[in-house]
Amino acid sequence: MSERLVQTTRIYSEITTAIQKGYKTVSLQGSSRSSKTYNTLIWIILYCLSNPKTRVSIVRATLPSIRGSVFQDFKEIVQKMGVNGIMNKGMFIYTFPNGSWVEFFSTDSEQKLRGRKRDVLFVNEANELHYIAWQQLIMRTTRFAIIDYNPSFSDDHWICKLNSDPRTYHFISTYKDNPFLEQTIIDEIESLKWKNPSLWRIYGLGLQAIVEGLVFSNTEQIDHFPTNIERTYIGVDYGYSNDPTAIVRVAFSKDRIFVDEIAYNTQLLTSDIIEILKNNCRTEEIISESADPRLVQEIYRARLNIKPVHKYGGSIQAGITKMLEYKICITKSSANVWKEFKNYTWAQDKEGKWLNTPIDKFNHAIDAVRYVVLEKVLGGVPKKMNLKDIYKKVY
């Protein structure tokens, strides 16, 4: 078993203390990279192994966000622990040798939301849920619940009321509680101190705050991606270890950009990306990140209609400026895309003055959308100015 699974962390210890004291809900508020989810999953797995026939539900707002995050972490942990359970991938249920089982589902599954009871509930990224969904879940939970979240919400959120309930054990963790964090990630988090103080408060200190200085304020959530728009595109921003690969479907109307999340995952190989694109693309043109020409070529050779975005000096600002002319309409199933648009801000200097450049964070799906805007709205590489254009600019 790896060192990460052997060493007891503060988060693991706090959950143990809360359950031993008989609390109904453990409210795990934390900064970015505090390892809230990973440690909670370790705790739940060990609890299931120690308590036969325990029924556990692990829930998040949307199924794509479950597949790309908590479900992947769970599979990794049980494999490292050497647990010989059975995973039913179709039903998203893992059964332990002692009869305990864990099911994964989203709150947009009405049947499961109002379905059978469970002993233990774990709500991942609970701030994404509406109160009615939480109410339906907790009233069908017989032993206790654990929720985790980044506190980027106002005082009227239902989690604030939950935290004031005497039956709730509420504590705050930060990235400093994660002993396995690489220095490069620590440096990235701490850079928020001067990039945007409100983001530093949320993602660095784990404290509640409203995000200030949003780049995109004209956003809304929609139920479904429109089917009456003929020309749609796919945007791709590549990542691997720390950054996710973001794949989105994009369409335009007169004054709106429609966005639907297809994938948002780390550790995706080229073969994985090709499979996702083949399973989700119809005949759309794919506009992708251009930093890795070999990756683009491999996807092209898989008979996918892909082209790299043309970048140029000022292309980031040009793409963002054009996007600001539209209302951004994001499907409710696109949890990661919505989170980016609700956290992508302008940078600040050390005096708190807003700068005309965005932070380089919460921008993977946004970049994928921007690539499509650059190619299909702005037309790729800008034409060189002739003398007449220069005089127009000057005068």
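A. Local environment of the confidence of the model for the protein chain. Averaged over every residue, the pLDDT of the protein chain is 91; the share at 70 or more is 94%. Here residues 1-6 is a poorly scored stretch, pLDDT under 50, and it has 15 contacts once near neighbours within four places are set aside; other chains count. With pLDDT under 50 throughout, residues 385-395 is counted as low confidence; its partners more than four residues away or in other chains account for two contacts.

B. Spatial organisation of the environment of H130. Examined against the element boundaries, H130 turns out to sit in the loop between β6 (118-123) and α7 (131-138). Put simply, H130 and A61 are 69 residues apart on the chain and 8.8 Å apart in space, counted from C-alpha to C-alpha.

C. Spatial organisation of unusual backbone geometry. Its identity as a non-glycine residue notwithstanding, R33 has a phi of 60 degrees, on the positive side. The residue R33 is located in the loop between β1 (25-30) and α3 (36-50) in this model. Positioned with a positive phi, F362 is a non-glycine residue whose angle comes to about 55 degrees. Following the sequence through the fold, F362 ends up in the loop between β17 (354-358) and α16 (364-376).

D. Quick look at the pattern of salt bridges. Applying the stated criterion to the full structure yields 18 salt bridges. Between R55 and D119 there is a salt bridge whose closest N-O contact spans 3.0 Å. Note that R55 is positioned in strand β2 (residues 55-60) and D119 in strand β6, a separation of 64 residues in sequence. For D367, the salt bridge goes to R370, with nearest N and O atoms at 3.1 Å. Of this pair, D367 and R370 are both found in helix α16, three residues apart, which corresponds to roughly one turn of the helix. The exposure class assigned to D367 is buried, which follows from its relative accessible area of 11%. Of the residues examined, R370 reaches a relative accessible area of 4% and is grouped as buried.

E. Structural detail: the environment of F225. Along the chain, F225 turns up in the loop between β9 (219-222) and β10 (232-237). Since its relative accessible area comes to 13%, F225 is described here as buried. A sequence separation of 107 residues divides F225 from K332, and the C-alpha atoms of the two residues are 9.4 Å apart.

F. Seen up close, the sheet that holds strand β7 (residues 141-149). In spatial order, the strands read β3-β4-β5-β2-β6-β7-β1-β8; together these eight strands make up an open sheet with mixed pairing. Where the open sheet ends on each side, the last strands, each with one partner, are β3 (86-88) and β8 (168-173). Neighbouring strand axes in the sheet, compared pairwise and without regard to direction, differ in orientation by 15 degrees on average. Contacting β1, β2, β5 (101-106), β6, β7 and β8, α3 crosses the sheet at an angle of about 160 degrees to β7. Together, β2, β3, β4 (93-95), β5 and β6 form the strand contacts of helix α5 (residues 70-81), whose direction differs from that of β5 by roughly 160 degrees.

G. Region of the structure containing the packing of aromatic side chains. Scanning the model with the defined rule gives 18 aromatic pairs in all. Here W43 and F144 contribute two aromatic rings whose centre-to-centre distance is 5.8 Å and whose plane-to-plane angle is 80 degrees, an arrangement assigned as edge-to-face. Placement of W43 in helix α3 and of F144 in strand β7 is noted, with a sequence separation of 101 residues between them. You'll find W43 and F144 in the same group, each marked buried. Where Y233 meets F252, the ring centres are 6.4 Å apart and the plane angle is 55 degrees; that geometry is what we call tilted. Within this pair, whereas Y233 is found in strand β10, its partner F252 is found in strand β11 (residues 245-252), the two being separated by 19 residues in sequence. Note on accessibility: Y233 and F252 belong to one class, buried. One aromatic cluster is present, formed by F71, F74, F92, Y94, F96 and F104 through successive ring pairs.

Analysis parameters
- Residues numbered from 1 in each chain as written.
- Predicted model: local features only at pLDDT ≥ 70, side-chain atom pairs only at ≥ 80, totals over all residues.
- Heavy atoms only, no water.
- pLDDT = per-residue confidence, 0-100.
- Contact = heavy atoms within 4.5 Å.
- Helix = DSSP H or I, 4+ residues; strand = E, 2+ residues; numbered from the N terminus.
- Salt bridge = Lys/Arg side-chain N within 4 Å of Asp/Glu carboxyl O.
- Buried < 20%, exposed > 50% of the residue type's maximum accessible area, 1.4 Å probe, protein only.
- Pairing = 2+ DSSP bridges.
- Axes fitted to C-alpha atoms, helices over the stretch in contact; angles between N-to-C directions.
- Phe/Tyr/Trp six-rings, centres within 6.5 Å; stacked < 30°, edge-to-face > 60°.

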